[in-house]
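The chain contents come next:
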Amino acid sequence: MTGPLDGVLVADFSRVLAGPLAASTLADLGAEVIKVERPGVGDDTRHWGPPWTETSSSYFACANRSKKSVELDLADPADLAVARELAARCDVLIENFKAGTLERHGLGYAAVAAANPGVVYASITGFGSGGGAELAGYDFLVQAVGGLMSVTGPPGEPTKAGVALVDVLTSKDAVTGILAALHARTATGRGQRVEVNLLSSLLGSLANQASAYLTTGEAPRAMGNQHPSIAPYETLAAADGALAVCCGNDAQFARLVGVLGIPGLAEDARFRTNADRVAHRADLVAALETALATDTVDAWAERLAGAGLPAGKVGTVADGFALAERLGLEPTVDVGAGVPRQVRSPITFSQTPVTTYSAPPRLGEHNDDIRSMLSKENSR
């Protein structure tokens, strides 16, 4: 069984995370992805360690599996000719070069589309191709200037997310745009340029926080693990640690306080509705934590989950994988000898399942194969 993107050729001219992760997602879905890298150096993330794998870094591995690697120096005429041939043959081209760089090499959208009208040309930038074209775009920087850090962490302590979340979100926007453009091409026969940028993807992902600002004109603030509009929806202290508790409606709250042995709280005028609970959050938390202090996190998590309530122990990344294993979600896959297991694609298909994964390529591992392939196609 082939993947849903079987037959789609992707030229991955990107590096670091957002672009490579988008290309890796397309590879997971069955596309053939050719990663273009600088000779002798490759993608910057090959050198971002520890941890290291047998072939590069674990950072590189997370965004480059199931690809083929070819080394091309765009300043070398012979290599540039190969790059242009690849661009002329591919269905999708992904790039995140500084504005104007690929244009100088005859690999900008206008030049590529002239030779390959069906190409879907995806450009990823930090701040767009207009006024922000000259600004360097890095995930941490965008988390800072885009407002994510201001609503993350304890009050008064702007905090970045524990993963390069903006890059990851932007990669998903890029994949969405690419797939939509490929669908449109089936009707028109023509490709198009797809542009995403880190700042816009972040703002689009702020969801309720962005909506709250646009509704009130007031910038939201960091509240630690508390939710600005729901209570209780936060971490609460039990006898030996933190318990995550989510109550999205009044019925769930009534069940929660019933399990905790304090059912009268559901009828307390301060806590009858979600709006009441948000308004009296400090009193609510004090009452709930008094009850929770009588037993351990594990004990409460088991009781609350048994009552159908969304609650659980605050765990580690290892705990997250262990939970997925217990639930039969098969969270990891084997990508080949000498390479650690990786996270399985989170997408499942009933007719075209993702079944084949291969190890992230060594730098230039497929130089001869790709040059030969493009040479044969060019000679037809």
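Details of the structure are given in the entry above.
This one's a predicted model, so the numbers in the text were calculated from it and none came from an experiment.

Criteria and cut-off values
- By convention here, each chain's residues receive numbers from 1 onward along its written sequence.
- Where local features are concerned, this predicted model is filtered to residues with pLDDT of at least 70; where side-chain atom pairs are given and counted, the filter is 80 or more; whole-chain, interface and lining totals use all residues.
- Only hydrogens and water are removed before side-chain values are computed, so all heavy atoms of the structure are retained for them.
- Helix and strand definitions follow DSSP, with helices as H or I runs of at least four residues and strands as E runs of at least two, each counted in order from the N terminus.
- Only protein chains enter the area calculation, which uses a 1.4 Å probe; residues under 20% of their type maximum are buried, those over 50% are exposed, and those in between are partly exposed.
- Contact criterion: two residues are considered in contact whenever any of their non-hydrogen atoms come within 4.5 Å of each other.
- Only buried Ala, Val, Leu, Ile, Met, Phe, Trp, Tyr and Cys residues count toward a nonpolar core, and they belong to the same one when joined by side-chain atoms within 4.5 Å.
- Side-chain rings of Phe, Tyr and Trp, where Trp is taken by its six-membered ring, are said to pair if the distance between their centres is within 6.5 Å; with planes under 30 degrees apart they count as stacked, over 60 as edge-to-face, and otherwise as tilted.
- Put simply, a charge is over a ring when the Lys NZ or the Arg CZ is close to the ring centre, within 6 Å, and near the line of the ring normal, within 35 degrees.
- Helix axes use the C-alpha atoms of the stretch in contact, all axes being lines fitted to C-alpha atoms, and the angles between their N-to-C directions lie in the range 0 to 180 degrees.
- Reported orientations rely on four angle classes, namely roughly parallel under 35 degrees, roughly antiparallel over 145, roughly perpendicular from 65 to 115, and oblique for the rest.
- Take the far helix as the reference: if the near one is turned anticlockwise from it by less than a right angle, the crossing is left-handed, and if turned clockwise, right-handed.

Below, the discussion takes up the overall build of the protein chain. Each helix and strand in the protein chain was counted, giving 15 helices and eleven strands. Its C-alpha atoms put the protein chain at 80 × 50 × 40 Å along the principal axes. When each of the 380 residues of the protein chain is scored for burial, the buried share is 43%. Across the protein chain, contacts joining residues at least 24 apart in sequence account for 67% of those joining residues at least 6 apart.

Summarising the element assignment, serine 123 is placed in strand 5 (residues 120–125). Dropping the residues within four chain positions of it, serine 123 is found in contact with Glu95, Arg193, Val194, Glu195 and Val196.

Moving on, we come to the nonpolar core. Ranked by size, the top nonpolar core spans 37 residues in total, and within it Val10, Leu26, Ala31, Val92, Ile94, Val120 and Ile178 carry the most contacts. Elements represented by at least two residues in this core include exactly helix 1 (18–28), strand 4 (92–95), strand 5, helix 7 (165–188), strand 6 (192–197) and helix 8 (198–205). Among the elements that make up this core, the one with the highest residue count is helix 7 (six residues). Discounting chain neighbours no more than four positions away, the residues touching valine 92 are Val8, Leu9, Val10, Ala11, Leu26, Val120, Ile178 and Leu182.

Using the criterion set out here, one finds two aromatic pairs in the structure. Taking 5.1 Å as the distance between ring centres and 80° as the angle between the ring planes, the aromatic pair formed by tryptophan 48 and tyrosine 59 counts as edge-to-face. Of this pair, tryptophan 48 sits in the loop between strand 2 (32–37) and helix 2 (58–61) while tyrosine 59 is found in helix 2, placing the two residues eleven residues apart along the sequence. The exposure class assigned to tyrosine 59 is partly exposed, which follows from its relative accessible area of 29%. For the ring pair tyrosine 109 and tyrosine 121, a centre distance of 5.6 Å and an interplane angle of 65° mean the geometry is edge-to-face. Taken together, the positions of tyrosine 109 in helix 5 (residues 109–115) and tyrosine 121 in strand 5 put the pair twelve residues apart, joining distant regions of the chain. Overall, tyrosine 109 belongs to the partly exposed group, its relative accessible area being 24%. The cationic tip of arginine 277 hangs over the ring face of phenylalanine 253; the distance from NZ or CZ to the ring centre is 4.4 Å.

This part covers the packing of helix 1 against helix 7. Helix-helix packing: each pair is described by the crossing angle between the helix axes and the interaxial distance. The N-to-C vectors of helix 1 and helix 7 enclose an angle of 50°; their axes lie 8 Å apart at closest approach. Here helix 1 is positioned oblique relative to helix 7, judged by the angle of their axes. Handedness of the crossing formed by helix 1 with helix 7: right-handed. Counted together, Ala18, Leu21, Ala22, Thr25 and Leu26 of helix 1 and Asp167, Val168, Thr170, Ser171, Ala174, Val175, Ile178 and Leu179 of helix 7 form the full contact between these two elements.

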